[in-house]
Amino acid sequence: MDETMKYFADSVKVQFDALDKKMSNDSLKAMFASGWNEYKSVKVKMEDFESVVSTDKKEEWVTLWYTQYWETKKGVKDSVDIINDLQLKNGKIMRIDEYTRKLH
């Protein structure tokens, strides 16, 4: 988790389903850690990614497309398609917008 958090800015704008706020790196780390504690296993199947830099070079975004599969500690298995739009500044993630579609 510590290695992952090195890629995030000191504060990060987070926009997930039912969450829209600016968080400190420490708060984001605590939120991620809390979520991971619910899972027995998580698998990501990366579909594609694309990096875009604005023509004036003032904004950099990376979009990720992937499917995430998991099993909770209670044995429940599920999956979801995810798109993440990440805004970077000085090589650090400063914003995450996440869009999900539950698979049936």
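Summary of the structure given here.

Quick notes on the rules
Residues numbered from 1 in each chain as written. Predicted model: local features only at pLDDT ≥ 70, side-chain atom pairs only at ≥ 80, totals over all residues. Heavy atoms only, no water. Phe/Tyr/Trp six-rings, centres within 6.5 Å; stacked < 30°, edge-to-face > 60°. Lys NZ or Arg CZ within 6 Å of the ring centre and 35° of its normal. 1 Å grid on protein atoms, 1.4 Å probe; cavity = no way out; pocket = protein on both sides within 12 Å on 5 of 7 lines; lining within 4 Å. Points joined across faces, edges and corners; volume = space filled by probe spheres on them. Helix = DSSP H or I, 4+ residues; strand = E, 2+ residues; numbered from the N terminus. Nonpolar A, V, L, I, M, F, W, Y, C, P; charged D, E, K, R; others polar. Contact = heavy atoms within 4.5 Å. Patch = residues over 30% accessible without salt bridge, like charges linked within 9 Å, V, L, I, M, F, W, Y side chains within 5 Å. Areas by Shrake-Rupley, 256 points an atom, 1.4 Å probe, with all protein chains shown as cover. Salt bridge = Lys/Arg side-chain N within 4 Å of Asp/Glu carboxyl O. Buried < 20%, exposed > 50% of the residue type's maximum accessible area, 1.4 Å probe, protein only. Pairing = 2+ DSSP bridges. Axes fitted to C-alpha atoms, helices over the stretch in contact; angles between N-to-C directions.

### Some points on the packing of aromatic side chains
Here is step 1 of the chain: This structure, assessed with the given rule, holds 3 aromatic pairs.
Here is step 2 of the chain: An aromatic cluster of three or more residues is present, and its members are Trp36, Tyr39 and Trp70.
Here is step 3 of the chain: The ring of Tyr69 carries Lys43 above its face, with NZ or CZ at 5.7 Å from the centroid.

### Quick word on the layout of surface pockets
Here is step 1 of the chain: Its volume calculated, the largest pocket comes out at about 1100 Å³.
Here is step 2 of the chain: Forming the walls of the largest pocket are 30 residues, and the residues nearest its centre are Phe16, Phe32, Tyr66, Gln68 and Glu98.
Here is step 3 of the chain: Looking at the lining of the largest pocket, the elements that each hand over two or more residues are strand S1 (8-16), helix H2 (25-36), strand S3 (39-53), strand S4 (60-72), strand S5 (77-89) and strand S6 (92-102).
Here is step 4 of the chain: Classifying every residue of the lining of the largest pocket gives 20 nonpolar, 6 polar and 4 charged.

### A look at the environment of Leu88
Here is step 1 of the chain: Within the fold, Leu88 resides in strand S5.
Here is step 2 of the chain: C-alpha of Leu88 to C-alpha of Ala9: the two residues are 79 residues apart in sequence and 8.6 Å apart in space.
Here is step 3 of the chain: Apart from the residues lying within four places of it in its own chain, the contact partners of Leu88 are Glu60, Val62, Ile93 and Met94.

### Describing a nonpolar patch on the surface
Here is step 1 of the chain: Taken together, Val44, Met46 and Phe49 make up a surface patch of nonpolar side chains, about 310 Å² in accessible area.
Here is step 2 of the chain: Checked against the element boundaries, Met46 lands in strand S3.
Here is step 3 of the chain: For Met46, a relative accessible area of 42% corresponds to the partly exposed category.

### Overview of the sheet that holds S5
Here is step 1 of the chain: Taken in spatial order, the 6 strands make up an open sheet running S2-S1-S6-S5-S4-S3, and their pairing is mixed. Edge strands, defined here as strands with exactly one partner in the open sheet, are strand S2 (19-24) and S3. Ignoring which end each strand starts from, the neighbouring axes of this sheet average 20 degrees apart.
Here is step 2 of the chain: Sitting on the sheet, H2 touches S1, S2, S3 and S6, and the angle it makes with S1 is about 55 degrees.

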